[in-house]
Amino acid sequence: MAEQWSTLPGSEGPDLHIDLDRGDLRRSLEKVLRDAVRTGRLPAGTRLPSTRTLAGDLGVARGTVTQAYEQLVAEGYLTSRQGSGTRAAALISPAHPATASMSAASMSAASTAPAGTAPAGTASTSAAGASTAGASTAAARVQPAARWDFTPGAPDVSAFPRGAWTTATKRVLASVPSDVFGYGDPRGTPALRQALAGYLGRARGVLASPEQIVVCSGYTHALALLTGVLAAGGVRHIGFEDPSLPQHREVVTRGGLAVRGVPVDWHGICVDRISSAAVVVTPAHQYPTGATLDPARRARLADWARDAAGLVIEDDYDGEFRYDRQPVGAVQGLAPGRVVYAGTASKTLAPGLRLAWLAAPLTLIDQIVDLRQHIDRHPSVIDQLVLADMIGSGAYDRHIRQCRLRYRARRDRLVETLRLSAPAIAIRGIAAGLHVLLELPSAGPSEAEVTSLASRRGIAVEGLAGHWIQRGEHPAGLVIGYARPPAHAYEPALSELAALLSDATAA
């Protein structure tokens, strides 16, 4: 069975997602790189990691990588020049990924249960009910800021790469023609869509051409567009992981669709419980449990989408931040004609930029763009061009690598501290992302009691209870975002959190 790996190279090269068969390592690596160049995932001129770096990241002998590079240079897929490193060669015509024929209208027939009903273990949420829950959650989020903020959903905004952004902005403003300041393409600037197609292919394993990418004003906007397209096509309800983020469910219900919960366990979403024509998933790092969708279920999810003519909306909200030795690529690469991939700069750069993107089947692009033109036009063209410049120059990759190291160190400190101060609490979802799930012991204080105590101490944490769709008995837990506190305040904030949990579990 193929295991999934991803390079984490040094400053000399970008991230590259690789599916490596551990049988014949050299031939497997040759095939992966050959296919990546042939399909355009590695655009011509892209510099590959050094043999030493790639061998270390993949856990293979350096000679294995050297031999693979030499073979592909001989075949013409790679070029190698002293002082320039090893790069992807220019081929005559990289193949575009094939997409299956699909429309929103055809998906409405794929639902396996009548609208308005929910199978055992799921729930159908009305728009009014979800709006009430969403309003309560929104109200909670606008309370006065706590001194120590561990709520999930945002990066450390003090780490925004001001220097790199300024440099790229100056470069863009000095070179762009005046007509870019007019109304632009509602799909997004061609430069950013081109840059994203290359980046997503090599870093996340997404198979999409620039024509399949739409730049949006954040993930919420992207989800609202997809909801409108589905509703116009006759879809009446959509599946969501249970638990999941209530604000995203409210976007869907406000768009006229009902929500059906799909159970989640520590292997990810239970694919055989999907009963809607479309489903929203967070496979790389399930929100909020932190579970990673295991390989067998990834394949099953792709099979479901193809066999049931369904649509998977893949929310890859923090896919770049993986800390173990088993990175996973996007599910979209398994079924590009049935999966809409959604990514965002909110976690990698800052939420305030309002930049996100969809990689969708070509058969949905016209419908998305048509709806989009009746809602808004496009995000700031300058911001799009600046991001494209940063991707092209390698500054975006360098920033992500720096953040990955910084957030991993934060995660390690959090886990170490809590295991010492509150050993009764189980820490889940630590392999990736910017948050963890803390399972509270059943014998201790309730979730509401712990969050209330945290509020009195000036510590902002988020309980697990509001994320459930299906009502009933659920484990008590806290969703802890460890990226939000600024670097200078992280240690004192962590000390306060540890003291809170130590007192709560000792009570």
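Starting from 1, residues in each chain are numbered consecutively following that chain's sequence as written. Two thresholds apply to this predicted model, a pLDDT of at least 70 for residue-level local features and 80 or more for giving and counting side-chain atom pairs, whereas whole-chain, interface and lining totals are computed over all residues. Derived side-chain values reflect all non-hydrogen atoms in the structure, with water molecules and hydrogen atoms excluded from consideration.

J.: What am I meant to see in the overall build of the protein here?
T.: Segments assigned H or I by DSSP are reported as helices when at least four residues long, segments assigned E as strands when at least two residues long, and all are numbered from the N terminus. Helix and strand content of the protein: 15 helices and 19 strands. We call a residue buried when its accessible area falls under 20% of the maximum for its residue type, exposed when it is over 50%, and partly exposed in between, using a 1.4 Å probe and counting protein chains only. Counting over 507 residues, the protein shows a buried share of 55%. Once local pairs closer than 6 in sequence are excluded, the contacts in the protein between residues at least 24 apart make up 75%. By definition in these notes, contact holds between two residues if any of their heavy atoms fall within 4.5 Å.

J.: Explain helix H12 (residues 381–393) to me, please; I cannot follow it from the model alone.
T.: Counting along an α-helix, one turn takes 3.6 residues, and residues three or four places apart therefore face a common direction. The span expected for a helix works out to 1.5 Å for each residue beyond the first. The end-to-end C-alpha distance of H12 is 18 Å, a good match for the 18 Å that 13 residues give at a rise of 1.5 Å each. Among the 13 residues in H12, 10 count as buried, and that is most of the element. Against helix H6 (162–175), helix H7 (190–204), strand S7 (213–216), strand S14 (356–359) and helix H13 (395–421) lie the buried residues of H12. Between N or O atoms, a polar contact is any pair within 3.5 Å; within protein, one atom must be a potential hydrogen donor and the other a potential acceptor, and residues adjacent in sequence are included only when both atoms are from side chains. The distance from a side-chain oxygen at the start of H12 to the backbone nitrogen of Ile382 is 3.4 Å, and the residue carrying that oxygen is Ser380. One or two steps after H12, the chain reaches Gly394, where phi turns positive at roughly 90°.

J.: So what exactly am I meant to see when it comes to the sheet that holds strand S15 (residues 426–428) here?
T.: Within a sheet, neighbouring strands are paired by backbone hydrogen bonds and run either parallel or antiparallel to one another. Sheet architecture is open: 4 strands sit in the order S15-S16-S19-S18, paired in antiparallel fashion. Every other strand in the sheet has two partners, leaving S15 and strand S18 (462–463) as the edge strands with one partner each. By the bridge criterion, 3 bridges tie S15 to strand S16 (residues 435–439) in an arrangement that is antiparallel. Bridge pairing in S16 links Ala426 to Glu439. Between any two strands, pairing holds if DSSP finds at least two bridges.

J.: Explain the confidence of the model for the protein here, please?
T.: As a note on interpretation, predicted positions should not be read in detail where pLDDT is low. Summary of the metric used: pLDDT quantifies the predictor's per-residue confidence within the range 0 to 100. On average, residues of the protein score 85 in pLDDT, and 85% of them are at 70 or above. Low pLDDT, under 50, characterises residues 1–12; the stretch is placed with 49 contacts to residues that sit more than four places away or in other chains. Low pLDDT, under 50, characterises residues 93–143; the stretch is placed with 111 contacts to residues that sit more than four places away or in other chains.

J.: Can you help me understand the nonpolar core in this one?
T.: Generally speaking, nonpolar side chains in soluble globular proteins are found buried as a group. Note on terminology: a nonpolar core comprises buried Ala, Val, Leu, Ile, Met, Phe, Trp, Tyr and Cys residues joined through side-chain atoms within 4.5 Å. Judged by nonpolar contacts, the single largest core of 69 residues is most densely connected at Phe150, Trp357, Tyr396, Leu438, Leu497 and Leu501. Not counting the four nearest positions on each side in its chain, Leu497 is found in contact with Phe150, Leu414, Ile459, Val461 and Ile480. Of all hydrophobic cores here, the second largest spans 30 residues; its members include Tyr219, Val252, Ala278 and Ile313.

J.: Is there a simple way to explain the pairing of S14 in this structure?
T.: Regular strands place side chains that alternate from one sheet face to the opposite one. Of the two faces of S14, the one carrying Ala356 and Leu358 and the one carrying Trp357 and Ala359 are both buried. As judged from the 4 bridges shared by S7 and S14, these two strands associate in the antiparallel manner. Each residue of the ladder has a partner; that of Cys216, found in S14, is Ala356. Judged from the 4 bridges that link them, strand S13 (residues 339–344) and S14 form a sheet pairing that is antiparallel. The residue of S14 that forms the bridge with Gly343 is Trp357.

J.: I keep staring at the packing of aromatic side chains and nothing clicks. Help me out?
T.: What describes a pair of aromatic rings is the distance from one ring centre to the other and the angle between the planes of the rings. Any two of the Phe, Tyr and Trp rings considered here, Trp counted by its six-membered ring, make a pair once their centres fall within 6.5 Å; the pair's planes then place it as stacked at under 30 degrees, edge-to-face at over 60, or tilted in between. Summed over all chains, the structure comprises 4 aromatic pairs. Look at Phe321 and Tyr407: their rings are 5.4 Å apart centre to centre, the planes differ by 85°, and that puts the pair in the edge-to-face class. Note that Phe321 is positioned in the loop between strand S12 (311–315) and S13 and Tyr407 in helix H13, a separation of 86 residues in sequence. The class for Phe321 is buried, based on a relative accessible area of 1%. Its relative accessible area of 1% is what places Tyr407 among the buried residues. In this analysis the charged atom, NZ for Lys or CZ for Arg, is taken to sit over a ring once it is within 6 Å of the ring centre and within 35 degrees of the ring normal. When the ring centre of Tyr490 is taken as reference, the NZ or CZ atom of Arg410 above it lies at 4.7 Å. Over the aromatic face of Trp266 sits the side chain of Arg428, whose NZ or CZ is 4.5 Å from the ring centroid.

J.: Just to check I follow, could you spell out the pattern of salt bridges for this structure?
T.: Pairing is possible between side chains of opposite charge, provided their charged atoms come close. In the sections that follow, a salt bridge refers to a side-chain nitrogen of Lys or Arg positioned within 4 Å of a carboxyl oxygen of Asp or Glu. Overall, the coordinates contain 21 salt bridges when judged by the stated rule. Two residues, Asp35 and Arg38, come together in a salt bridge whose shortest N-O distance is 2.9 Å. In this pair, Asp35 and Arg38 both sit in helix H1 (residues 25–39), 3 residues apart, roughly one turn of the helix. Across the pair Arg413 and Glu491 runs a salt bridge, and its minimum N-O distance is 2.9 Å. Here Glu491 lies in helix H15 (residues 490–506) and Arg413 lies in helix H13, a separation of 78 residues in the sequence. Bridged by salt links that share partners, the residues Arg26, Glu30 and Arg34 form one connected network.

J.: I'm lost on the packing of H12 against H13 in this one. Help?
T.: Angle between the axes and distance between the axes: these two values describe a pair of packed helices. To get an axis, fit a line to the C-alpha atoms, keeping to the stretch in contact for a helix; angles then go from 0 to 180 degrees between the N-to-C directions. The interhelical angle for the contact between H12 and H13, taken along N-to-C directions, is 80°, at an axis separation of 4 Å. By the angle class used here, H12 and H13 are roughly perpendicular. Residues Leu387, Met390, Ile391 and Ser393 of H12 pack against Ala395, Tyr396 and Arg398 of H13. Charged means Asp, Glu, Lys or Arg here, nonpolar means Ala, Val, Leu, Ile, Met, Phe, Trp, Tyr, Cys or Pro, and polar covers whatever is left, Gly included. For the contact of H12 with H13, a count of residues per class yields 5 nonpolar, 1 polar and 1 charged. Between 65 and 115 degrees an angle is taken as roughly perpendicular, under 35 as roughly parallel, over 145 as roughly antiparallel, and anywhere else as oblique.

J.: Is there a simple way to explain the environment of Trp468 in this structure?
T.: In this fold, Trp468 is placed in the loop between S18 and strand S19 (477–481). When the C-alpha positions of Trp468 and Pro246 are compared, they lie 8.1 Å apart, and in sequence the two are 222 residues distant. Beyond its immediate sequence surroundings of up to four residues, Trp468 is in contact with Asp242, Pro243, Arg249, His474 and Pro475.

J.: Explanation requested: unusual backbone geometry in the structure shown.
T.: Excluding glycine, residues mostly carry a negative phi; peptide bonds, for their part, are mostly trans. Between Asp242 and Pro243 the backbone carries a cis peptide bond, its omega angle lying at 15°. Within the secondary structure, Pro243 sits in the loop between strand S8 (237–242) and helix H9 (246–254). The peptide bond linking Tyr287 to Pro288 adopts the cis configuration, its omega dihedral lying at 15°. Even without being glycine, Arg354 reaches a positive phi, approximately 55°. The residue Arg354 is located in the loop between S13 and S14 in this model.

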